[in-house]
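Listed here are the chains, written in short residue letters.
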Amino acid sequence: MSGVEAARRGLVARIDPAGHPLPLSEAAPGSAGRTGFWRTHRPVLEPARCVGCYLCWLYCPEDVIEMAEGAGPRGQAVPVIDYEYCKGCGVCVDVCPTRALKLVEEPIGEG
Ligand code: SF4
Ligand code: SF4
């Protein structure tokens with residue numbers, strides 16, 4: 001498969017310095033099953049602290065964050081997390097520059 005064809009299919013995230021495509025898988029909700037079952041903690045948003053920077057959306061490895069344009073208290077975009085597939089890894093919490101996301105322990109028996 002040519003690099004161009006791979007890129008068109010969405011399989012290539014990068015080209016190495018020698019021009020070879022690096023085929024990387026794409027995140028997709030549900031591709032690893034109902035990953036929400038794995039979760040012991042969930043990320044919870046404090047909308048007032050969010051600046052709508054999209055970093056959580058960009059780095060979520062499960063692609064389970066949608067940005068709701070204009071839904072924040074100052075009209076900023078804010079993340080909406082699909083807890084059905086969020087596995088509670090905390091990447092979004094780690095990359096958030098304003099600590100608008102916090103990991104909160106899941107109540108036992110709920111998921
Ligand atoms: S904790 Fe955050 S980064 Fe991890 S799967 Fe859930 S929404 Fe995505
Ligand atoms: S990373 Fe933090 S500040 Fe940026 S959009 Fe996500 S929650 Fe908001």
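In this text the structure is predicted, and so the values were computed from the model without any measurement.

Asks: Honestly, the overall build of the protein in this entry has me stumped. Any pointers?
Replies: Secondary structure summary: the protein contains three helices and six strands in total. Traced from its N-terminal end to its C-terminal end, the protein shows the element sequence α-β-β-β-α-β-β-α-β. Out of the 111 residues in the protein, the part that is buried amounts to 21%. The long-range share in the protein, meaning contacts at least 24 apart out of those at least 6 apart in sequence, stands at 65%.

Asks: I tried to follow the site of ligand 1 on my own but got confused; where do I start?
Replies: Around ligand 1, the surrounding shell holds 13 residues, and the nearest of these are Cys-60, Cys-86, Cys-89, Val-91 and Cys-92. A class-by-class count of the residues in the shell around ligand 1 yields nine nonpolar, two polar and two charged.

Asks: I'm lost on the confidence of the model for the protein in this one. Help?
Replies: Residues of the protein with pLDDT of at least 70 account for 78%, and the chain-wide mean is 84. Per-element mean pLDDT across the protein ranges from 50 in helix H1 (residues 3-8) up to 98 in strand E5 (residues 78-81).

Asks: Sorry if this is basic, but what is going on with the site of ligand 2 here?
Replies: Neighbouring ligand 2 are 15 residues; Cys-50, Cys-53, Leu-55, Cys-56 and Cys-96 lie closest to it. Here the residues of the shell around ligand 2 are counted per class, giving 13 nonpolar, two polar and no charged.

Asks: Would you mind going over unusual backbone geometry with me for this structure?
Replies: Most peptide bonds adopt trans geometry, and most residues besides glycine take a negative phi value. Even without glycine at this site, Tyr-54 takes up a positive phi of about 75°. Among the structural elements, Tyr-54 can be located in the loop between strand E3 (41-45) and helix H2 (55-59). Even without being a glycine, Arg-99 presents a positive backbone phi close to 55°. Here Arg-99 is to be found in the loop between helix H3 (91-95) and strand E6 (101-105). Residue classification places Arg-99 among the exposed positions, given that 10 C-beta atoms sit within 10 Å.

Asks: Explain the nonpolar core to me, please; I cannot follow it from the model alone.
Replies: Side chains of a nonpolar character, in soluble globular proteins, are inclined to be buried together. Of all hydrophobic cores here, the largest spans 13 residues; its most connected members are Cys-56, Cys-60, Val-64, Ile-65, Cys-92, Cys-96 and Leu-101. Other than its neighbours up to four places away in sequence, Leu-101 contacts Pro-43, Val-44, Leu-45, Cys-56, Cys-92, Val-93 and Cys-96.

Asks: Teacher, can you tell me more about the environment of Cys-86 here?
Replies: Inspection of the secondary structure assignment puts Cys-86 in the loop between E5 and H3. Residues Cys-86 and Val-64, spaced 22 residues apart in sequence, show a C-alpha to C-alpha distance of 6.2 Å. In contact with Cys-86, other than residues within four places in its own chain, are Gly-36, Arg-39, Arg-42, Pro-43, Glu-62, Val-64 and Ile-81.

Parameters and conventions
- Residues numbered from 1 in each chain as written.
- Chains lettered and ligands numbered in written order.
- Predicted model: local features only at pLDDT ≥ 70, side-chain atom pairs only at ≥ 80, totals over all residues.
- Helix = DSSP H or I, 4+ residues; strand = E, 2+ residues; numbered from the N terminus.
- Buried ≥ 20, exposed ≤ 12 C-beta atoms within 10 Å, placed from the backbone.
- Contact = placed C-beta atoms within 7 Å.
- Near = placed C-beta within 6 Å.
- Nonpolar A, V, L, I, M, F, W, Y, C, P; charged D, E, K, R; others polar.
- pLDDT = per-residue confidence, 0-100.
- Core = buried A, V, L, I, M, F, W, Y, C linked by C-beta atoms within 7 Å.

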